[in-house]
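Structural features, examined
This is what each chain is made of:
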Amino acid sequence: MEIGIALPQYGTHARADRIAGFARDAEEAGFDSFWVGDRVLTPVAPSDLYPGHTPENPYPHQYKTFLDPLTVLTVAAGATSRARLGMSTLNGPWYPPALLARSLTSLDQVSGGRLDVGLGIGWLRDEYTAVGADFRKRGALLDELLDVLHGIWTQEEFGHRGPHWTIPVAHVGLRPVQPAGPPVYLGGFSPAALRRVGRRATGWVGAVLPPGAAEGLWDVARRAAEEAGRDPEALRRRIRCNPGPGVTADAIAALLEGVRATGADGCFVDLQQSVDSPDEALELGVKVLGLLRG
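Residues numbered from 1 in each chain as written. Predicted model: local features only at pLDDT ≥ 70, side-chain atom pairs only at ≥ 80, totals over all residues. Heavy atoms only, no water.

1. Some remarks on helix H1 (residues 19–29)
Of the residues making up H1, those classed as buried are Ile-19, Gly-21, Phe-22, Ala-23, Ala-26 and Glu-27. The inward-facing, buried residues of H1 abut strand E1 (2–6), strand E2 (33–36), helix H2 (69–79) and helix H9 (278–293). Positive phi appears at Gly-30, one or two residues downstream of H1, with a value of about 115°. (Buried < 20%, exposed > 50% of the residue type's maximum accessible area, 1.4 Å probe, protein only. Helix = DSSP H or I, 4+ residues; strand = E, 2+ residues; numbered from the N terminus. Contact = heavy atoms within 4.5 Å.)

2. Section: the pairing of E1
When you tally the buried positions in E1, you get four out of five residues, the bulk of the element. As paired strands, E1 and strand E11 (residues 266–269) are joined by four bridges and run parallel to one another. Within E11, the position partnered with Gly-4 by the bridge is Phe-268. This β-α-β element, E1 to H1 to E2, shows right-handed connectivity. (Pairing = 2+ DSSP bridges. Right-handed = clockwise from strand over helix to strand, strands pointing away.)

3. Quick word on the nonpolar core
Side chains of nonpolar character tend, in soluble globular proteins, to be buried together. Of all hydrophobic cores here, the largest spans 67 residues; its most connected members are Leu-7, Phe-34, Met-87, Leu-104, Leu-119 and Leu-194. Leave out the neighbours within four places in its chain, and Leu-119 touches Thr-89, Leu-90, Gly-92, Leu-142, Leu-145, Leu-146, Leu-149, Val-184, Tyr-185, Leu-186 and Gly-187. Grouped together as the second largest cluster of nonpolar side chains are six residues, Tyr-59, Tyr-63, Phe-66 and Leu-124 included. (Core = buried A, V, L, I, M, F, W, Y, C linked by side-chain atoms within 4.5 Å.)

4. Section: helix H3 (residues 97–110)
With 14 residues, H3 ought to run about 20 Å at 1.5 Å a step, and its terminal C-alpha atoms sit 20 Å apart, in line with that. For H3, every residue scored as buried is listed here: Pro-97, Leu-100, Ala-101, Leu-104, Thr-105, Leu-107 and Asp-108. All buried residues of H3 fall inside an arc of 160° around its axis, so they share one side. Tucked into the core, H3 has its buried residues touching H2, strand E3 (84–87), strand E4 (90–91), strand E5 (117–120) and helix H5 (138–154). Phi turns positive one or two residues past the end of H3, at Gly-112, with a value near 70°. (Expected span 1.5 Å × (residues − 1). Arc of directions from axis to C-beta.)

5. Examining unusual backbone geometry
The omega angle of the peptide bond from Ser-88 to Thr-89 is -15°, so this bond is cis rather than trans. Checked against the element boundaries, Thr-89 lands in the loop between E3 and E4. Even without glycine at this site, Ala-180 takes up a positive phi of about 65°. Relative to the helices and strands, Ala-180 is located in the loop between strand E7 (166–171) and strand E8 (184–186). For Ala-180, a relative accessible area of 53% translates into the label exposed.

6. Notes on the pattern of salt bridges
All told, the structure shown has 17 salt bridges when counted by the stated rule. Residues Asp-32 and Arg-293 are paired through a salt bridge, measuring 2.4 Å at the closest nitrogen-oxygen approach. You can see Asp-32 sitting in the loop between H1 and E2 and its partner Arg-293 sitting in helix H9, a full 261 residues away along the chain. On the accessibility criterion, Arg-293 (41% relative accessible area) is partly exposed. Close ionic contact of Asp-143 with Arg-196 constitutes a salt bridge, the shortest N to O distance being 3.0 Å. Within this pair, whereas Asp-143 is found in helix H5, its partner Arg-196 is found in helix H6 (residues 191–200), the two being separated by 53 residues in sequence. (Salt bridge = Lys/Arg side-chain N within 4 Å of Asp/Glu carboxyl O.)

Purely geometric numbers; function is a separate question.
Have a look at this one:
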């Protein structure tokens, strides 16, 4: 199983001056991939609660400071040469497809073809309001975005006319390094989300869930792949692990061993809610990596 780590991006870890050094040191330590998330704002009176939170504590307080995910990945790409670059997840419906395609293709070029695109639909209606997107149509927006990305990455001339976006037929000169474009992973934890994974994606960017929950969801994705005429064995899983404060390296390694036992292809640990600084996160992450590979 490939092991990754989240880049410094939010909370007290939102240190632009530490991204390059963190990525370089993490790659030298043996991490296989680097990851970012996507938040655009943290409302004072939010429309929705983060899963598992309460009105008094509606979301992780670290989310109040968040660096742009594509900028963070670009800095990391320039400082490294081997590790994959992933998103868990970029909230696809927030972005005009033509602009997102340009950004992702450019990042794939900058990284030498190391980009894995992870897309989701988010959970906070206020963020959709802030970017002018329709929360009620988020699934349809994501599907249309996937259509546009695939077209731009695979056709020499491309145009699109859909319910949400129109793109005049144009020459596509900017090409990704990876044939047919970067692999696209999809997030989400509902049956509808996993059916979309099976029909349309390289795989699933999930998270550590209660025992048995992920297995049932993965079965949904596999059945959807079969129904779509795709090979369910080709689907891949990359799982996020979000340890809380005070969790030891031994406990985190045990969590990741549990993920490995499910047959997941990759797992990454986000330590930005576990410790206070990028240096502490890297130190803890290296200990976890040593326990898993020692």
